[in-house]
Amino acid sequence: MILLTGGTGFISSHTAVALAEAGLPCVLLDNLANSPESTLQGLARITGQAPLFVQGDVRDAALLDSLFARYPIQAVLHGASLKAVGEGLAQPALYHDNNVSGTVTLIRAMERAGVRRLVFSSSSTVYGNPTLQCLPESAPLVPLNPEARSKVMVEQILHDVAASHPDWRVLSLRCFNPVGAHPSGALGEAPRGQTLNLLTVMAQATAGQRPPLSIFGNDYPTPDGTGVRDYIHVMDLARGHLLALQQLLQAAAPPDARHRVLNLGRGQGISVLQLLQAFEQHTGYRVPHQWAPRREGDAACWVADVSAARQHLGWQAELGLAEMCRDAWRWQGRA
Ligand code: UDP
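The written sequence of each chain sets the order in which its residues are numbered from 1. Per-residue local features are limited, in this predicted model, to residues with pLDDT of at least 70; the limit for side-chain atom pairs, both in listing and counting, is 80 or more; totals at the level of whole chains, interfaces and linings are taken over all residues. Computation of side-chain values: all heavy atoms of the structure, hydrogens and water removed.

Chemist: For this particular structure, what's the right way to read the packing of helix H7 (residues 198-206) against helix H11 (residues 321-332)?
Modeler: Describing two packed helices takes the angle between their axes plus the distance from one axis to the other. For helices, the fitted line uses only the C-alpha atoms of the stretch in contact; every axis is such a line through C-alpha atoms, and the angle between N-to-C directions lies from 0 to 180 degrees. Strands here are runs of E lasting at least two residues and helices are runs of H or I lasting at least four, both read from the DSSP assignment and numbered beginning at the N terminus. At a minimum axis distance of 9 Å, the contact between H7 and H11 shows a crossing angle of 55°. Relative to H11, H7 is oriented oblique. Judged by the sense of rotation from one axis to the other, the crossing of H7 with H11 is right-handed. Two secondary-structure elements touch here, H7 through Leu199, Thr200, Ala203, Gln204 and Thr206 and H11 through Met324, Cys325, Ala328, Trp329 and Gln332. Note on angle classes: values under 35 degrees are labelled roughly parallel, values over 145 roughly antiparallel, values of 65 to 115 roughly perpendicular, and the remainder oblique. Two helices crossing with the near one rotated counterclockwise from the far one by less than a right angle form a left-handed crossing, whereas a clockwise rotation gives a right-handed crossing. Contacts between residues were defined by any pair of non-hydrogen atoms, one from each residue, lying within 4.5 Å.

Chemist: Explain helix H5 (residues 92-113) to me, please; I cannot follow it from the model alone.
Modeler: Three or four residues apart is the spacing at which side chains of an α-helix point the same way, because the helix has 3.6 residues per turn. In a regular helix each residue adds 1.5 Å, so 22 residues correspond to 32 Å; H5 covers 31 Å between its end C-alpha atoms and thus fits that length. At serine 101, H5 shows its maximal kink, close to 30°. Listed as buried for H5 are Tyr95, Asn98, Asn99, Val100, Gly102, Thr103, Thr105, Leu106, Ile107, Ala109 and Met110. Looking at the buried side of H5, the elements it contacts are strand E1 (2-5), helix H3 (61-70), strand E4 (75-78), helix H4 (85-90), strand E5 (117-123) and helix H6 (146-164). Where H5 terminates, the next one or two residues include glycine 114, which has phi positive at roughly 75°. Expected helix span is given by 1.5 Å per residue-to-residue step, counting one fewer step than there are residues. Bend angle per residue: angle between axes fitted to the 7 residues ending at that residue and the 7 residues starting there. Under the scheme applied here, a residue whose accessible area is under 20% of the maximum for its type counts as buried, over 50% as exposed, and between as partly exposed, the area being computed with a 1.4 Å probe on protein chains only.

Chemist: Any chance you could explain the packing of aromatic side chains here in plain terms?
Modeler: Aromatic ring pairs: the centre-centre distance and the angle between the two ring planes describe each pair. In this scheme Phe, Tyr and Trp rings, the latter by its six-membered ring, pair at centre separations within 6.5 Å, and the angle between planes marks the pair as stacked below 30 degrees, edge-to-face above 60, and tilted otherwise. Evaluation of the coordinates by the stated rule reveals three aromatic pairs. Their ring planes at 90° and their centres at 5.7 Å tell us that phenylalanine 279 and tryptophan 329 sit as a pair that is edge-to-face. Taken together, the residues phenylalanine 279 in helix H9 (residues 272-283) and tryptophan 329 in helix H11 connect sequence positions 50 residues apart. Overall, the relative accessible area of 0% leaves phenylalanine 279 in the buried class. For the pair tyrosine 285 and tryptophan 329, a centre-to-centre distance of 5.0 Å together with 50° between the ring planes defines the contact as tilted. With tyrosine 285 in the loop between H9 and strand E13 (289-292) and tryptophan 329 in helix H11, this residue pair connects regions lying 44 residues apart in the sequence. Looking at tyrosine 285, the relative accessible area reads 44%, which means it is partly exposed. The rings of Phe279, Tyr285 and Trp329 are connected pair by pair, giving a single aromatic cluster. Criterion for a charge above a ring: Lys NZ or Arg CZ within 6 Å of the ring centre, and within 35 degrees of the ring normal. Directly above the ring of tyrosine 220 sits arginine 294, whose terminal nitrogen or CZ lies 4.1 Å from the centroid.

Chemist: What's the story with the pattern of salt bridges in this structure? I'm lost.
Modeler: Where charged atoms from two side chains of opposite charge come close, those side chains can pair. Salt bridge criterion: a side-chain nitrogen from Lys or Arg within 4 Å of a carboxyl oxygen from Asp or Glu. Scanning all chains against the criterion turns up twelve salt bridges. Ionic pairing is found between lysine 151 and glutamate 147, a salt bridge with its closest N-O pair at 3.0 Å. Of the two residues, lysine 151 and glutamate 147 both sit in helix H6, four residues apart, roughly one turn of that helix. Between arginine 294 and aspartate 219 there is a salt bridge, with the nearest N and O atoms lying 3.0 Å from each other. Residue arginine 294 is found in the loop between E13 and helix H10 (307-313), and its partner aspartate 219 is found in the loop between strand E8 (213-216) and strand E9 (228-229); the two are separated by 75 residues along the sequence. When its relative accessible area of 43% is taken as the criterion, arginine 294 is described as partly exposed.

Chemist: What is the right way to read the site of the ligand from this model?
Modeler: The criterion for a residue being near a molecule or strand is simple. One of its heavy atoms has to lie within 4 Å of it. What surrounds the ligand is a group of 15 residues, the closest being Asn177, Ser214, Arg229, Arg295 and Asp298. One of the backbone N or O atoms of phenylalanine 216 is found 2.8 Å from an oxygen atom in the ligand. Its free accessible area being 510 Å², the ligand has 90% of it covered by the protein chains. Elements that contribute at least two residues to the shell around the ligand include exactly H7 and E8. N or O atoms within 3.5 Å of each other form a polar contact, as long as, within protein, one can give a hydrogen and the other can take it, and as long as residues adjacent in sequence are counted only when both atoms are side-chain atoms. Residue burial considers only the protein chains on display, and all accessible areas are found by Shrake-Rupley using a 1.4 Å probe.

Chemist: Looking at this structure, how should I read the nonpolar core?
Modeler: Among buried residues, those of type Ala, Val, Leu, Ile, Met, Phe, Trp, Tyr and Cys that are joined through side-chain atoms within 4.5 Å constitute a nonpolar core. With 35 residues, the main nonpolar core has Ile2, Leu4, Leu19, Leu28, Val119 and Leu171 as its most contacted residues. The element contributing the most residues to this core is helix H8 (residues 234-248), with seven residues. Look past the residues within four positions of leucine 4 in its chain and what remains in contact with it is Ser12, Ala16, Leu19, Cys26, Val27, Leu28, Leu29 and Leu77.

Chemist: Explain the pairing of strand E2 (residues 26-30) to me, please; I cannot follow it from the model alone.
Modeler: Within E2, five of the five residues are buried, which leaves the element mostly enclosed by the surrounding structure. Residues Cys26, Leu28 and Asp30 line one face of E2 and the alternating positions Val27 and Leu29 line the opposite face, and both faces are buried. DSSP-based pairing: two strands are paired if at least 2 bridges between them are found. Examined bridge by bridge, E1 and E2 share four bridges and lie parallel to one another. Bridge assignment links leucine 4 to a residue of E2, and that residue is leucine 28. Seen with its strands pointing away from the viewer, a crossover is right-handed when the path leading from the first strand over the helix to the second is clockwise. The parallel pair E1 and E2, bridged by helix H1 (residues 10-21), forms a crossover whose chirality is right-handed.

Below you can see the structure in the form of structure tokens.
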């Protein structure tokens, strides 16, 4: 059985679908701070059975001990983290408590339970504002804000932990920009606050559910002046997380590979304007938009070198902009 922390969050909930399809049972843990309980109904619709869910916080050591005692957990996917750049700048202590202390609490509970297989859902934010066009995992880590720094700290802690005991096996997956939704339209990004990714904002603005999209910055050093990202369909990420968990459940790792870091992206840079054009092309709707100043803490360009994930996981993205836009739009129009 797999423990999914942040179980009702965007990446973990879609990974729960991939696990169910692979016949791997899982238990979802989430404090519902940034995702709704209705995610569980969406999961039930897709998989045909109610997911095993525990409402609680990853910083609650006693709760974690009870979960490890109650369920035959073999590995953990750790996706419980706060991820809004602006909120992290305003509340750094909250971010470090949730993201860093939460991970340490989880690791200590895993050690008490003798469970030493962990996939950490990390993020491309660790690279800061890179000068390289295509980022290998060895690129310098220059986090620009507390959220990104918390991800770097967690990766470093995991590195120390993995080196401390021969049974540890850890994969940190640096997810680039997750977008899209489950193709059924029953599951998608559903944060409680305003912390949304670009494609979700675009879909909501197009549906008239929010004001026009503000495009943050037109003077970045990119071909059209808008920010460039490596957008990846959340179902591709879910498959990547599944493969990572399956790999960890296999044989022990050599000492130099107990903690491996892998980028999960498509290796293709897409600007805000290019995504807007793709959205209009694949949905047939115009996106209302306006120009706005740069957003504090934003990088100009992140594009992944994806060769290591292909080599070590046998994974590569399969879904393109058409699926990302159509699935995001289907999810947005569900009401
Ligand atoms: N962006 C934008 N308007 C929005 C949200 C995002 O112009 O309402 C831009 C943002 O500046 C960045 C890109 O879209 O260049 C992706 O932003 P997102 O917040 O989705 O991801 P992140 O910046 O964390 O990579």
